[in-house]
Amino acid sequence: MRINKITVYGVRLPLKQPFKISYDTYHDIASLIVSIETASGQVGWGEAVVDQHVSGETYLGAREIITRELAPLLIGSEASDIAQFHHTANRKIRHNPSAKAALDIALHDLLARESGKPLYAMLGGRSHERLELPYVISMLAPEEMARQAKEAARRGYQSIKIKLGDTPEHDIERIARVREVLDRSVALRVDANQGWSTKQALQVIRHAAPYQVDWFEQPVDMENLVAMAHVTQSTEAIIMADEPIHGVKEMLDVIQLNAADMVNIKLMKSAGLRPAMVMAEAGMAADIPCQIGSMVESSIATLAGAHLALAHPNIIANDLVGPAMIREDVAQMPGDETHILLDDSPGLGVTIESSRVQDLSEFVDIID
């Protein structure tokens, strides 16, 4: 199981429609897809999708970090030494979690494929039978968001997540319009992506009380955990932290400050599956349930998150919607439109053809 080759593919995956949130609008997803190959020919796959607004990484910057700093650390090493990889990588370079996540995911996939087991079996076994997917709606005009929510419910989605972060008046109208077209059995969730001030957040939450919102995700700026704590402690609504939670340290900060009722764990923020598992454990110890989120990733990183979500009892929700939003993916997701269904296929559970990934690539780097 010694590693002798790592390949980095730079791909741009077009979205079916623009994705608008409070701080940006996306038309495609820039992804770094990584394969790690052993001397025996076994291959594991990983992925990095950066969000420069959150982690400070850029697409080309992450490429350089992987190819020049991190991948060389793995050449000649044992694929099973994941803990050692994280220790060495963190001593080599601070932060850069998406770059580290790509290699962490590929190592986990590689080990699971070599053992002939599904990845979730190596992360603790099956805690949930299947994963229900939400439908995510961009921040648009209230009537258009309502139309999309109604159509999603008709197609069988049982939870709708709406992106907000505009003025309180406009956002309250969006919540009201969407809830009007949904049956009360359909969950409604709100994500402001840091778009409100503390007072605006409390204003929206107060006026949204009649509309049965399950939780409000990241209402205030990621740099102000004290403000997040104030919002959490000033309302009976469930508040979820996302952008400020990058790893175990930030999870402990949330616990100590009582700054959130839930936490959104993303592999691209946490540096991969191993640190994410520790975060979920810390949350369970503090009675803080978790969600597995996404940077709108391809099926590769999405499935890594899905295996963790399936395995961990403290992960009660997911936001793994990337493949549903991408027009041309690198592999076929298992399941249907509204659920991810993982069987006992080894590793991530899908076949990824390097030739297909290469056809979608704008560059290919080889480290050996």
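Calculation criteria
Residues numbered from 1 in each chain as written. Predicted model: local features only at pLDDT ≥ 70, side-chain atom pairs only at ≥ 80, totals over all residues. Heavy atoms only, no water. Helix = DSSP H or I, 4+ residues; strand = E, 2+ residues; numbered from the N terminus. Contact = heavy atoms within 4.5 Å. Buried < 20%, exposed > 50% of the residue type's maximum accessible area, 1.4 Å probe, protein only. Arc of directions from axis to C-beta. UniProt positions renumbered as here; feature names shortened; annotations may be inferred. Domains from an automatic or database assignment. Buried area = accessible area lost by both parts, 1.4 Å probe. Salt bridge = Lys/Arg side-chain N within 4 Å of Asp/Glu carboxyl O. Polar contact = N/O pair within 3.5 Å; in protein donor to acceptor, adjacent residues only side chain to side chain.

### Some thoughts on the environment of L308
Here is step 1 of the chain: Along the chain, L308 turns up in helix α12 (residues 299-311).
Here is step 2 of the chain: It is 9.3 Å that separates the C-alpha atoms of L308 and R126, two residues lying 182 residues apart in sequence.
Here is step 3 of the chain: Apart from residues lying up to four places away in sequence, L308 is in contact with L123, L267, L273, A276, M277, I292 and I315.

### Focus on the environment of A317
Here is step 1 of the chain: Among the structural elements, A317 can be located in strand β12 (residues 315-318).
Here is step 2 of the chain: By relative accessible area, A317 is classed as buried at 8%.
Here is step 3 of the chain: Remark: the alpha-carbon pair of A317 and R12, spanning 305 residues in sequence, is separated by 28 Å.
Here is step 4 of the chain: A317 has contacts with R189, W215, C290, Q291 and I292, leaving out every residue within four places of it along the chain.

### Regarding helix α2 (residues 82-92)
Here is step 1 of the chain: Those residues of α2 that sit buried are I82, F85, H86 and A89. Along the axis of α2, the buried residues cluster in a sector spanning 95°; they form a single face.
Here is step 2 of the chain: Looking at the buried residues of α2, the elements they touch are α1 (59-74), α3 (97-115) and α11 (273-285).

### Considerations on the UniProt feature "active site" (unreviewed entry) in the chain
Here is step 1 of the chain: Following the UniProt record, the feature "active site" (unreviewed entry) maps to K163 and K266 here.
Here is step 2 of the chain: Its place among the elements puts K163 in strand β6 (residues 159-163).
Here is step 3 of the chain: Look at K163 and you get buried, because its relative accessible area is 7%.
Here is step 4 of the chain: Beyond its immediate stretch of four places on either side in the chain, K163 contacts F19, K20, I21, V136, I137, S138, M139, M145, D191 and N193.

### Observations concerning the environment of P168
Here is step 1 of the chain: Topologically, P168 is positioned in helix α6 (residues 168-180).
Here is step 2 of the chain: The spacing of P168 and G305 is 137 residues in sequence and 33 Å in space, taken between C-alpha atoms.
Here is step 3 of the chain: With sequence-adjacent residues up to four places away left out, P168 is seen in contact with Q200, Q203 and V204.

### Describing the side chain of N318
Here is step 1 of the chain: The topology assignment puts N318 in strand β12.
Here is step 2 of the chain: Ignoring sequence-local partners within four residues, the contact set of N318 consists of L131, E132, L133, P134, Q291 and I292.

### A look at the domain arrangement of the chain
As a measure of interface size, the accessible area lost when the parts come together is often cited.
Here is step 1 of the chain: Considered domain by domain, the chain is made up of domain 1 (2-117 + 353-367) and domain 2 (121-340).
Here is step 2 of the chain: Taken together, the contact pairs 40 residues of domain 1 with 41 residues of domain 2.
Here is step 3 of the chain: The junction of domain 1 with domain 2 conceals about 3,300 Å² of combined surface from both sides, 68% of it contributed by carbon and sulfur atoms.
Here is step 4 of the chain: When the buried area of domain 1 at its contact with domain 2 is split by residue, K16, F19 and V54 rank highest and sum to 17% of it.
Here is step 5 of the chain: Applying the counting rule to domain 1 against domain 2 returns 0 salt bridges.
Here is step 6 of the chain: At the junction of domain 1 with domain 2, the criterion picks out 14 residue pairs in polar contact (both at pLDDT 80 or more).
Here is step 7 of the chain: For the side of domain 1 that touches domain 2, the secondary structure elements donating two or more residues are β1 (3-21), β2 (24-38), β3 (43-49), α2, α3 and α14 (354-359).
Here is step 8 of the chain: The element contributing the most residues to the side of domain 1 that touches domain 2 is α3, with 10 residues.

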